[in-house]
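Chain and residue survey
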Amino acid sequence: MSAEEPLFRVVRGVPTAEELAALVGVFAVRTRPAAAPAPVTTSAWARSARPAGVGVAPGPGAWRASGLPR
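For clarity, every value in this text was computed on a predicted model and none was experimentally measured.

Right, let's get into the overall build of the protein chain. Broken down by element type, the protein chain carries three helices and zero strands. The linear arrangement of helices and strands in the protein chain, starting from the amino end, is α-α-α. In the protein chain, which comprises 70 residues, the proportion classed as buried is 0%.

Another aspect to go through is a nonpolar patch on the surface. A cluster of nonpolar side chains, namely Leu7, Phe8, Val10, Leu20, Leu23, Val24, Val26 and Phe27, defines an oily patch on the protein surface of about 680 Å² accessible area. Judged by relative accessible area, which is 40%, Phe27 ranks as partly exposed.

Turning our attention to the confidence of the model for the protein chain. In this model, the protein chain carries an average pLDDT of 77, and 83% of its residues clear a pLDDT of 70 or more. Mean pLDDT across the secondary structure elements of the protein chain bottoms out at helix H3 (residues 62–65), with 72, and peaks at helix H1 (residues 17–31), with 86.

Below, the discussion takes up the environment of Val24. As for its placement among the helices and strands, Val24 is situated in helix H1. Val24 gets classed as partly exposed once you look at its relative accessible area, which sits at 44%. Distance in space between the C-alpha atoms of Val24 and Phe8 is 9.4 Å, their sequence separation being 16 residues.

Reading the values: the criteria
Residues numbered from 1 in each chain as written. Predicted model: local features only at pLDDT ≥ 70, side-chain atom pairs only at ≥ 80, totals over all residues. Heavy atoms only, no water. Helix = DSSP H or I, 4+ residues; strand = E, 2+ residues; numbered from the N terminus. Buried < 20%, exposed > 50% of the residue type's maximum accessible area, 1.4 Å probe, protein only. Patch = residues over 30% accessible without salt bridge, like charges linked within 9 Å, V, L, I, M, F, W, Y side chains within 5 Å. Areas by Shrake-Rupley, 256 points an atom, 1.4 Å probe, with all protein chains shown as cover. Salt bridge = Lys/Arg side-chain N within 4 Å of Asp/Glu carboxyl O. pLDDT = per-residue confidence, 0-100.

So this is what it looks like as structure tokens:
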């Protein structure tokens, strides 16, 4: 594609400057790469319902200590 060659052309009709600006805006938005989705965070309310240490390997003797009075 040469520098003088237009990226697109109007085949039918005579668009106004506003219509062409809207069309260029649509193309600009469509060609922009999509943003990465934000990481999902767990709310404090949901975390409060989980037992402590979920996802963490228990230490030695943790099973025995779980039955002891606190």
